[in-house]
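Observations on the three-dimensional arrangement
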Protein chains: 2
Amino acid sequence: MSTVTRSLTADLRRLFPAGQVLDSVEDRTLYAYDGTSIKALPELVVMVRGVGEVSTLLRFASDHEVPVVPRGAGTGLSGGSVPAEGGIALVLAGMRSIKEIDAGSMVAVVEPGVITGVFQKTVEDAGMFYPPDPASLNYCTLGGNVAENAGGPHGVKYGVTKDYVLGLEVALPSGDVVRLGGKQIKNVTGYNLVQLFVGSEGTLGVITEITLRLLPKPPAKKTMLAIFDRLDDAATAVAGIMGGGVIPATLEIMDQRSINCVEDYLKLGLPRDAEAILLIEVDGMPAAVEAEAEVIDRICREKGVRSFQVAKNKQEEDSLWKARRSISPAISAARPSKIGEDISVPRSAIPAMVREIQRIAKEFDLPIVIFGHAGDGNLHPNILTDRRDHKEMERVEQAIAAIFEASVRLGGTLSGEHGIGLSKRPYFDLAVTPATVKLMADIKRAVDPKNILNPGKIWRA
Amino acid sequence: MSTVTRSLTADLRRLFPAGQVLDSVEDRTLYAYDGTSIKALPELVVMVRGVGEVSTLLRFASDHEVPVVPRGAGTGLSGGSVPAEGGIALVLAGMRSIKEIDAGSMVAVVEPGVITGVFQKTVEDAGMFYPPDPASLNYCTLGGNVAENAGGPHGVKYGVTKDYVLGLEVALPSGDVVRLGGKQIKNVTGYNLVQLFVGSEGTLGVITEITLRLLPKPPAKKTMLAIFDRLDDAATAVAGIMGGGVIPATLEIMDQRSINCVEDYLKLGLPRDAEAILLIEVDGMPAAVEAEAEVIDRICREKGVRSFQVAKNKQEEDSLWKARRSISPAISAARPSKIGEDISVPRSAIPAMVREIQRIAKEFDLPIVIFGHAGDGNLHPNILTDRRDHKEMERVEQAIAAIFEASVRLGGTLSGEHGIGLSKRPYFDLAVTPATVKLMADIKRAVDPKNILNPGKIWRA
């Protein structure tokens, strides 16, 4: 279905500076992808440099009922920024100004195209801390993080992107621009529309400015690696650590197959027979960090840890992180394709969920690697497969459905930090009742009556 | 305007068990108030015992286009639960079951009528911690806290009610019941509707069940009181503490007039010439608490503190809290009426805001006491007045408008934790542009097309 005629393209070219409206196949191909393997060509690509241009584009698109799919760096993992129904790919990556870092109030104001890692570094240089740390932080943009409510290992102690968004400037589908929230930490002045837009996957508005809360930089940090013979012992240790009054900055888990996958890839000397590794970090005041590390050490020993290492310096810290950081490349090296999922269960359901996934792996005869954020119950089962093998892919689809069903059965949901987008849309009804889908659709219709913004995502229309 | 006819009342009586539908003037008078001085009689009072009854009532009210105003304990401070346009007062205070405390996943499931303080105590007995601590916690309900997004002194470190709401069961105006979110800490499965309902002041749905996140109980705590000759030094100390990597559990400020008001009332021996008192608490691991208290001590001394006391035991702790806890009774004793406001500014704007309020007090010749949550910029200027003095009340209205204007000018807003309700509705446009009001109204219309839920609140229709 073509919506962007040649005459509309010409009209748009008159509205924008030269070089910002692109229609060659090469240019469109560059914006047909995200971090999944899903692709769909946009009919047109428009690069924008400020809120005025975004508003102009949306007003134009509304008038002509052309779909607009906003995108940052395209690192998303659910097809959210893939222009599934054609239309215009709206590229915000060029809006990359860090407008303000206000140390007195500990807030920052940024444009959506700022790279997350660049922002973190800038904030750190100013003596502060921005915790959200998606794995793609060296490439992804803050606007994309907000649109998808990105998480990361820091989630257990520090929460995710939504917990840092105090204010937003949003261009609505009509082209109207609203400013929501602000620099205030506490704000109950009307509906919390900031959080309606956070995680709305580009379907309600285009984020043109973000006000983010910052924290003081924790003066000290300690990194620990605990290897467990048995998965259950690792899970009990997680519960014991949290119950013991310690909230680690990071509490990551790797299952036996992750360990073996990394070992195949790097030969780090990890024990192939261990059922679980926990990577734990604590941060804060130096004395607090010492005390918390001792509690964690004691609890891990009580729960029968096989080996417990504490990094003594930055080099040892990097070495302990090496296994965790190598999972993705190790998986990619193991088989031609990987399909990474992102279920989120109540913390106490982690061992049951891991066992369900292992059962599903056996049932469908597929290697599934499990790692993720044990502290907050967000697991990433990764299916190692080969997309060219259509017979195997059928089993993969069945395994994915089985994983989602198990997650929901254990009180969990489909996505902790990647979003629904296109890839999880077929399973949305597993987690959300028709009354809730109707409520979301009613709100979508109220905000975007012509359905021009990122149509076809999250639920089936 | 009467909406509840005698025949509708009779119909409702048939739908509910005996004694739950009340229409005597006495019964209606009991539900005409909240914590402000605003009152409006409901035409009918309906007590509910479960989600089924709430759904039945809403379906009935929708069919007959009767306003429904949900209420918990009626301790709100913005007129939010006052039935301004008549209709039915829906009393949820009877739904007070703590359904589940899940220590393994650190979540609790409660009915909306559970008293906040009772819940906190129950959670604490189970070795955990629920931080939100509005001043009314011994009376107010968790449902009311969610509807208004209540805060409290713990906000600076632990956030406010919204930061603990993981899931909601909500009865929509149509009578349909939706379950949003759940026990998962991380969840990006569709729009964040949980946070749309949190703080929506009973205008979008009736909360019938809440899933709350709990934290480990901090094993240690330390309370400190710092008296400053100069307000600016206190403010610099606040910035220094946060910048020094310490996030206190509580960081309260009292201005000179608060100090004098408390001193008039209790004769605690507070220095009447001091411009500010900070009440500071840190909590966490014992060693962390020690280290953080030392940092705070050092920073306060660097900033020229006049006196710095650290509580050595529970008794001394209570004694340090005494001044802060006595502000409200002291104010009430000082003059016949008090009007408490709730502005929220960026943290660094606190000294400028305090000075603006002091200027406004002088300009309108009104005693205004200022205290609040210095750590998060949420201040409570309280105007001491006499509501019977109509001439003075005109000056009070002008002073309130001037305070809101100053707050917005300094990058702040109208309410940090009380909500807009009726009392701040006339000023809503100061903080929110027409495009944003339209967006809120569009969403309200999508969710509540007949405008039956708490009509007339937040913005002028």
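Residues numbered from 1 in each chain as written. Chains lettered and ligands numbered in written order. Predicted model: local features only at pLDDT ≥ 70, side-chain atom pairs only at ≥ 80, totals over all residues. Heavy atoms only, no water.

Right, let's get into the overall build of chain A. Helices and strands together make up the secondary structure of chain A, namely 16 helices and 19 strands. Relative to its length of 461 residues, chain A is compact, with a C-alpha radius of gyration of 23 Å against a globular reference of 23 Å. Projected onto its principal axes, the C-alpha positions of chain A cover 70 × 60 × 40 Å. The buried share of chain A, reckoned over its 461 residues, is 64%. By sequence separation, contacts in chain A at least 24 residues apart represent 72% of the contacts at least 6 residues apart. Carbon and sulfur atoms form 51% of the exposed surface of chain A, whose accessible area is close to 16,600 Å². Considering chain A, the positive charge centre built from 52 side chains and the negative charge centre built from 57 side chains are found 1 Å apart. (Helix = DSSP H or I, 4+ residues; strand = E, 2+ residues; numbered from the N terminus. Rg over C-alpha atoms; globule rule 2.2 N^0.38 Å. Buried < 20%, exposed > 50% of the residue type's maximum accessible area, 1.4 Å probe, protein only. Contact = heavy atoms within 4.5 Å. Areas by Shrake-Rupley, 256 points an atom, 1.4 Å probe, with all protein chains shown as cover. Lys, Arg positive; Asp, Glu negative; His and termini not counted. Charge placed at Lys NZ, Arg CZ, Asp CG, Glu CD.)

Residue and element names in this part refer to chain B. Tallying each qualifying case throughout the model produces 10 aromatic pairs over all chains. Judged by centre distance (5.1 Å) and plane angle (75°), the rings of Phe119 and Tyr130 are edge-to-face. Here Phe119, found in helix H4 (residues 116-125), pairs with Tyr130, found in the loop between strand E7 (128-129) and helix H5 (142-148); they are 11 residues apart in sequence, far enough to count as distant. For the pair shown, Phe119 and Tyr130 are each scored as buried. (Phe/Tyr/Trp six-rings, centres within 6.5 Å; stacked < 30°, edge-to-face > 60°.)

Between chain B and chain A, which share one sequence, the superposing operator has a rotation angle of 180° and an axial displacement of 0.0 Å; the RMSD is 0.0 Å. Taken together, the turn and the small shift mark the pair as related by a two-fold rotation axis. For chain B, the minimum C-alpha distance to the rotation axis belongs to Ala288(B) and amounts to 2.0 Å. Of the interface residues in chain B, 100% have counterparts in chain A that sit at the interface too, so the contact is made through matching surfaces. (Least-squares fit on C-alpha atoms with pLDDT ≥ 70 in both.)

What follows concerns the confidence of the model for chain A. In the predicted model, chain A carries a mean pLDDT of 96, and 100% of its residues have values of at least 70. Predicted as a complex, the structure gets a pTM of 0.97 and an ipTM equal to 0.96. (pLDDT = per-residue confidence, 0-100.)

All names here are of chain A. Under the domain assignment used here, chain A contains domain 1 (6-91), domain 2 (98-216), domain 3 (218-334) and domain 4 (335-445). Its C-alpha centre places domain 2 at a distance of 29 Å from the equivalent point of domain 3. Facing seven residues of domain 2, the contacting portion of domain 3 comprises 10 residues. Between domain 2 and domain 3 the total buried area reaches about 700 Å² when both faces are included, carbon and sulfur atoms providing 56% of it. Three residues stand out in domain 2 for area buried against domain 3, namely Pro153, Val156 and Lys157, and they jointly supply 70% of the buried area on that side. At the boundary of domain 2 with domain 3, the tally comes to one salt bridge. Between Lys157 and Asp283 there is a salt bridge; the shortest N-O distance is 2.7 Å. The interface formed by domain 2 and domain 3 includes two residue pairs in polar contact (both at pLDDT 80 or more). If you tally residues by element for the side of domain 2 that touches domain 3, the top one is helix H6 (residues 155-158), at three residues. Per-class residue counts for the side of domain 2 that touches domain 3 are five nonpolar, one polar and one charged. (Domains from an automatic or database assignment. Buried area = accessible area lost by both parts, 1.4 Å probe. Salt bridge = Lys/Arg side-chain N within 4 Å of Asp/Glu carboxyl O. Polar contact = N/O pair within 3.5 Å; in protein donor to acceptor, adjacent residues only side chain to side chain. Nonpolar A, V, L, I, M, F, W, Y, C, P; charged D, E, K, R; others polar.)

Attention now moves to the pattern of salt bridges. Throughout the structure, instances matching the rule amount to 70 salt bridges over all chains. Salt-bridge contacts for Glu392(A) lead to Arg335(A); the nearest nitrogen and oxygen are separated by 2.6 Å. With Glu392(A) in helix H14 (residues 390-409) and Arg335(A) in the loop between helix H12 (327-334) and strand E16 (337-340), this pair connects stretches of sequence that are 57 residues apart. A relative accessible area of 8% means that Glu392(A) is categorised as buried. Residue class for Arg335(A) comes out partly exposed when judged on its relative accessible area of 24%. For the salt bridge of Arg14(B) with Asp11(B), the shortest nitrogen-to-oxygen distance reads 2.6 Å. Placement of the pair is Arg14(B) and Asp11(B) together in helix H1 (residues 6-15), with a separation of three residues, close to one helical turn. Each of Lys99(A), Glu169(A), Arg179(A) and Glu209(A) takes part in a single network of salt bridges with overlapping partners.

Residue and element names in this part refer to chain B. Here helix H11 (residues 314-325) crosses helix H12 (residues 327-334) at 40°, and the two axes come no closer than 6 Å. Comparing their axes, H12 and H11 come out oblique. The segment H11 lies against H12, with Ala323, Arg324 and Arg325 engaging Ile327, Ser328 and Pro329. Taken together, the residues of the contact of H11 with H12 sort by class into three nonpolar, one polar and two charged. (Axes fitted to C-alpha atoms, helices over the stretch in contact; angles between N-to-C directions. Parallel < 35°, antiparallel > 145°, perpendicular 65-115°, else oblique.)

The four strands are arranged E1-E2-E4-E3 (chain A) in an open sheet whose pairing can be described as mixed. Single-partner strands in this sheet number two, and they are strand E1 (21-22) and strand E3 (68-71) of chain A. (Pairing = 2+ DSSP bridges.)

On to the pairing of strand E9 (residues 177-181) of chain A. Residue and element names in this part refer to chain A. Where strand E8 (residues 165-171) meets E9, five bridges bridge the pair, whose relative direction is antiparallel. Directly across from Val170, in E9, lies its bridge partner Val178. Between E8 and E9, which pair antiparallel one after the other, the connecting turn spans five residues, and Gly175 there sits at a positive phi close to 100°.

Bringing the sheet that holds strand E6 (residues 107-110) of chain B into the picture now. Residues and elements named next belong to chain B. The strand order E5-E6-E10-E8-E9 describes an open sheet built from five strands, whose pairing is antiparallel. Strands with a single pairing partner mark the edges of an open sheet, and in this sheet they are strand E5 (98-102) and strand E9 (177-181). Across the sheet, the mean angle separating the axes of adjacent strands is 10° when strand polarity is ignored. As defined by bridge partners, E6 adjoins strand E10 (residues 206-213) across four bridges and the pair is classed as antiparallel. When the bridges of E10 are listed, Val110 appears paired with Ile210. Strand contacts of helix H3 (residues 51-64): strand E8 (165-171), E9 and E10, with the helix running at about 140° to E10, the strand carrying the most contacts. In the packing of H4 onto the sheet, the strands contacted are E5, E6 and E10, and the crossing angle to E5 comes to about 35°.

Opposite the 80 residues of chain B that make contact, chain A presents 80 residues. Summed over both partners, the interface of chain B with chain A comes to about 6,100 Å²; 66% of that surface belongs to carbon and sulfur atoms. It is Lys186(B), Val188(B) and Tyr191(B) in chain B that bury the most area against chain A; as a group they hold 16% of the surface buried on that side. Of the charged contacts in the structure, one is a salt bridge between Asp376(A) and Lys186(B), with a shortest N-O distance of 3.6 Å.

As for its placement among the helices and strands, Asp376(B) is situated in the loop between strand E18 (368-373) and strand E19 (378-385). A distance of 3.4 Å separates the side chain of Asp376(B) from the backbone nitrogen of Val156(B), its partner in a polar contact. For Asp376(B), the residues in contact, after removing those within four places along its chain, are Ile185(A), Lys186(A), Gly155(B), Val156(B), Ser344(B) and Val345(B).

This paragraph deals with unusual backbone geometry. Residues and elements named next belong to chain A. Phi angles above zero are rare outside glycine, and Met106 is one such case at about 55°. Tracing the chain through its elements places Met106 in the loop between strand E5 (98-102) and strand E6 (107-110). You can call Met106 buried: its relative accessible area is 4%.

So, about the pairing of E19(B). Residues and elements named next belong to chain B. With eight of its eight residues buried, E19 lies for the most part within the structure. Neither face of E19 is left uncovered, since the one carrying Asn378, His380, Asn382 and Leu384 and the one carrying Leu379, Pro381, Ile383 and Thr385 both have all their residues buried. Judged from the four bridges that link them, strand E16 (residues 337-340) and E19 form a sheet pairing that is antiparallel. Bridge assignment links Ile339 to a residue of E19, and that residue is Ile383. Examined bridge by bridge, strand E17 (residues 343-344) and E19 share two bridges and lie antiparallel to one another. Looking across to E19, one finds that Ile343 is bridged to Leu379. The pairing of E18 with E19 spans six bridges and is antiparallel. Across the sheet, the residue bridging to Ile370 is Pro381, located in E19. Taking the residues between adjacent antiparallel strands as the criterion, E18 and E19 are bridged by four residues, where Gly377 takes a positive phi near 80°.

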